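Structure assessment
Below, each chain spelled out in residue letters.
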Amino acid sequence: MKHDASFSTASDSHFTLHTSYPHEILHNWFGNGVYINSDSGNWAEGLTTYLADHILLEQKVKDSRYRFQELIKYSSYVNETNDFPLAEFKGRDSMTSQAVGYGKTLMVFHMLRLEVGDTLFLQALRDFYNRNQFHHAGFKELRIAFERTSKRDLKEFFNQWTLRKGGPQLQLFATSTRKQSGKYLLQLETKQTQSHPAFKLKLPIAVWLKGQEKPWFRNLDLVDRKQTSFLPFSAEPLKVMLDPYHEVFRRLNQGEVPPSIGQTYGSEMQTPILPKNESFSDLLSGYRQFAQSIKTASRSRDIIIKDDTLTLAPAGSLWLFGKNNMLAGQLKTQLDQYNVKINEQGVTLDNKSFPWKNHSFV
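Computed from a predicted structure; not experimentally measured.

1. Let's talk about the sheet that holds strand E3 (residues 170-180)
Spatial strand order, E3-E4-E7: 3 strands in an open sheet with antiparallel pairing. Bordering the open sheet on either side are E3 and strand E7 (226-233), each of which pairs with just one other strand. With direction set aside, neighbouring strand axes in the sheet form an average angle of 20°. Where strand E4 (residues 183-192) lies against E7, 8 bridges are found, and the strand directions are antiparallel.

Here it is, written out as structure tokens:
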């Protein structure tokens, strides 16, 4: 059975031994031991990534960061025009398909693990493997194994996360605290702000209480787009955080995501802006080739314009080519807040200066 392998160069020996190698070994169970039913979605890549790449980092208490990175990839590369449900994932051919087929799938398995608990999660996977070894299987067979083991109806869970595309976008809309019968009653208003219908999910929250060093944890059962929850405490609540360890598959809010080039690559609307005054023809030719690749890879409007034709920057994500681009002044102002300086000599990053000669900057 063919599956999507990972490759690395000899110089990537650490990645090969500690990430790629365990991932490929695990495919002897999921992918080569139990075959992928291509008609119902490729579940094996996400499960293998979860049980190898993710679990290895979990043993080093770095799993939360790993899940956060996967959510960043989804939020950066996946939008309304290119998203698709897990049941339609066949294999990786782009950053978009990887973010959905690998990232979203591993997050769904993580939520399933939280739903049934560690012991039943492993028992269900063993049951799935033993009953489907050397046969084709899909999400349906996974659901049956988990239902058989947990003695729960998980059809709604699997249908929601494998047949629907997208995910929730969560917002802590309002909080308030009042004293009642000698206790503090915390009122939370949460919202799902995505355009499509609400998702049903368990939302982990952390609450920091006055006089207590460690936060208090609990799961909220969300079923509606807007929901109010009341939580009693013996001490005064000081701070609340939704999904503190990134355990729910969701589209991150803008304030959660650090700036990245991936956000521009994954944007629905991209506009390449070429410089009018560029003295090196080979450099301008390179800019045009890059701009053409953006236009080909995205579903943005078919437009490549020069900076001298603009009075205002277009909406959406922009690619400004050339250090003398007329719009670069606006970019320099934005970069000031990240301690990045651009001048005639070169670029300064983290108080280290790099000259224009023999360097390229993105």
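Next comes the rest of the description.
2. Overview of the confidence of the model for the protein chain
Here the protein chain averages 88 in pLDDT, and 92% of its residues register 70 or above. Contacts for the low-pLDDT stretch residues 1-11, under 50 throughout, to residues beyond four places or in other chains number 21 contacts.

3. A look at helix H5 (residues 118-132)
Spanning 15 residues, H5 covers 21 Å between terminal C-alpha atoms, matching the ideal 21 Å at 1.5 Å per step. Elements that come into contact with the buried residues of H5 comprise helix H2 (44-58), helix H4 (95-116), strand E2 (136-137) and helix H6 (139-150). One or two positions beyond H5, positive phi appears at Phe134, with a value near 65°.

4. Quick word on the layout of surface pockets
Roughly 2200 Å³ of internal volume is contained in the largest pocket. Lining the largest pocket are 50 residues, and of these Leu318, Trp319, Leu320, Leu331 and Val362 lie nearest its centre. For the lining of the largest pocket, the elements supplying multiple residues, two or more each, are helix H3 (63-77), helix H8 (261-265), helix H9 (281-297), strand E11 (317-320), helix H10 (328-336), strand E12 (340-342) and strand E13 (346-349). Ranked by residue count, the leading element in the lining of the largest pocket is H10, at 6 residues. Across the lining of the largest pocket, the residue classes tally to 26 nonpolar, 19 polar and 5 charged.

5. Quick word on the environment of Gly329
For Gly329, the position within the fold is in helix H10. On the accessibility criterion, Gly329 (40% relative accessible area) is partly exposed. For the pair Gly329 and Ile342, spaced 13 residues apart in the sequence, the C-alpha separation amounts to 9.6 Å.

6. Structural notes on the sheet that holds strand E10 (residues 305-306)
Sheet architecture is open: 3 strands sit in the order E10-E9-E11, paired in parallel fashion. The sheet is open, and its two edges are formed by E10 and E11, each paired on a single side. In this sheet, E11 lies alongside strand E9 (residues 270-274) in parallel orientation, the contact comprising 4 bridges. Each residue of the ladder has a partner; that of Pro272, found in E11, is Trp319.

Scoring rules and cut-offs
Residues numbered from 1 in each chain as written. Predicted model: local features only at pLDDT ≥ 70, side-chain atom pairs only at ≥ 80, totals over all residues. Heavy atoms only, no water. Pairing = 2+ DSSP bridges. Helix = DSSP H or I, 4+ residues; strand = E, 2+ residues; numbered from the N terminus. Axes fitted to C-alpha atoms, helices over the stretch in contact; angles between N-to-C directions. pLDDT = per-residue confidence, 0-100. Contact = heavy atoms within 4.5 Å. Expected span 1.5 Å × (residues − 1). 1 Å grid on protein atoms, 1.4 Å probe; cavity = no way out; pocket = protein on both sides within 12 Å on 5 of 7 lines; lining within 4 Å. Points joined across faces, edges and corners; volume = space filled by probe spheres on them. Nonpolar A, V, L, I, M, F, W, Y, C, P; charged D, E, K, R; others polar. Buried < 20%, exposed > 50% of the residue type's maximum accessible area, 1.4 Å probe, protein only.

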